[in-house]
Amino acid sequence: MRTPIVAANWKMHKTCEEAVSYFRRLLELVPARREVELVILPPATLLFLAQKHLAGSGIAWGAQHAYPEPQGAFTGEVSVTQVADLGASFLVCGHSERRRLFGEDDGLVARKVRAALEGGLIPILCVGETLEEREAGRAWEVVRGQLAAALADLELPSPERLVIAYEPVWAIGTGVAARPQDAQEVAARIRHWLGERFPGLGERVRIQYGGSVKPDNASDFLALPDIDGALVGGASLDPESFWEIARAA
Ligand code: PGA
């Protein structure tokens, strides 16, 4: 049995004040007993507020990005170690915005995944094809290549220590979600691949769908056999809409 996991990727949004009122409202909405794991992924400046306001709530939080070296002369960066030291549980690795806008290549993604695992964080590894790649019939080839590169030579201590987010690039932030059957097809292939890569563990790794998930389409994805949750951007910025999505799980 895989516990569903729904994550809020705030991207580069919110001030301190906005973050605090979000946390307060979310804590009012979310019942203490629930069958879905919630993860909030604020920008780095707001992580300390997640630590403060979500402590003891059972709502997890993590970072959207961190650099894999433990410390050093890396101006502007925050390390995986520092994020873990603050109490984070998750780290997004390989998000398509970071791959595309910040040159995060497969090598860096692999180092981030490894550093996250070594630092006690759970990587949320994002994979997904562009529209061109899908139209050329190469969606699975691209996703498989991203998985193989990011997870090369890696020991997975347990299936709970890894989350995969299948996010077709063309569906992110566009309002045009993938067709559920297409998301299921790729998720099933990811699961099969993980089963071979991590015998005995892979089948139990959780796979999220991400890309224009909203309250009105969340259940279409969350009901699919190989999709165990969602990575939500735009629709996660409002606590009501985020909780409505999470409830569909
Ligand atoms: P979106 O973003 O929900 O706004 O499409 C998803 C993501 O980037 O993780």
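Coordinates for the structure precede this section.
Bear in mind that the values here come from a model prediction, so they are computed numbers and not experimental data.

A. Broad picture of the nonpolar core. Membership of the largest hydrophobic core comes to 71 residues, with the highest contact counts inside it found for I40, L125, L147, L151, I164 and I190. Among the elements that line this core, the one with the most residues is helix α8 (residues 180–197), at six residues. Not counting the four nearest positions on each side in its chain, L147 is found in contact with L125, V127, W140, I164, I190 and W193. Of all hydrophobic cores here, the second largest spans 13 residues; its members include L41, C126, A165 and L231.

B. Structural context of the pairing of strand β7 (residues 206–210). Most of β7 sits out of view: five of its five residues are buried. Bridge count for strand β6 (residues 163–166) against β7 is four bridges, and the pairing is parallel. Bridge assignment links I164 to a residue of β7, and that residue is I207. Each parallel crossover has a hand, and the one from β6 via α8 to β7 is right-handed. Bridge analysis of β7 against strand β8 (residues 229–232) gives three bridges, and the strand direction is parallel. Residue Q208 lies in a different strand from β8, and its bridge partner there is G229.

C. Highlighting the site of the ligand. The immediate surroundings of the ligand are formed by 13 residues, with K11, H95, E167, G173 and S212 found nearest. A distance of 2.7 Å is found between an oxygen atom of the ligand and a backbone nitrogen or oxygen belonging to S212. Here the ligand, which alone exposes 280 Å², has 96% of that area covered by the protein. Class assignment for the residues of the shell around the ligand results in four nonpolar, seven polar and two charged.

Cut-offs and rules
Residues numbered from 1 in each chain as written. Predicted model: local features only at pLDDT ≥ 70, side-chain atom pairs only at ≥ 80, totals over all residues. Heavy atoms only, no water. Core = buried A, V, L, I, M, F, W, Y, C linked by side-chain atoms within 4.5 Å. Buried < 20%, exposed > 50% of the residue type's maximum accessible area, 1.4 Å probe, protein only. Helix = DSSP H or I, 4+ residues; strand = E, 2+ residues; numbered from the N terminus. Contact = heavy atoms within 4.5 Å. Pairing = 2+ DSSP bridges. Right-handed = clockwise from strand over helix to strand, strands pointing away. Near = heavy atom within 4 Å. Polar contact = N/O pair within 3.5 Å; in protein donor to acceptor, adjacent residues only side chain to side chain. Areas by Shrake-Rupley, 256 points an atom, 1.4 Å probe, with all protein chains shown as cover. Nonpolar A, V, L, I, M, F, W, Y, C, P; charged D, E, K, R; others polar.

Such coordinate-based values are descriptive only and should not be taken to indicate function.
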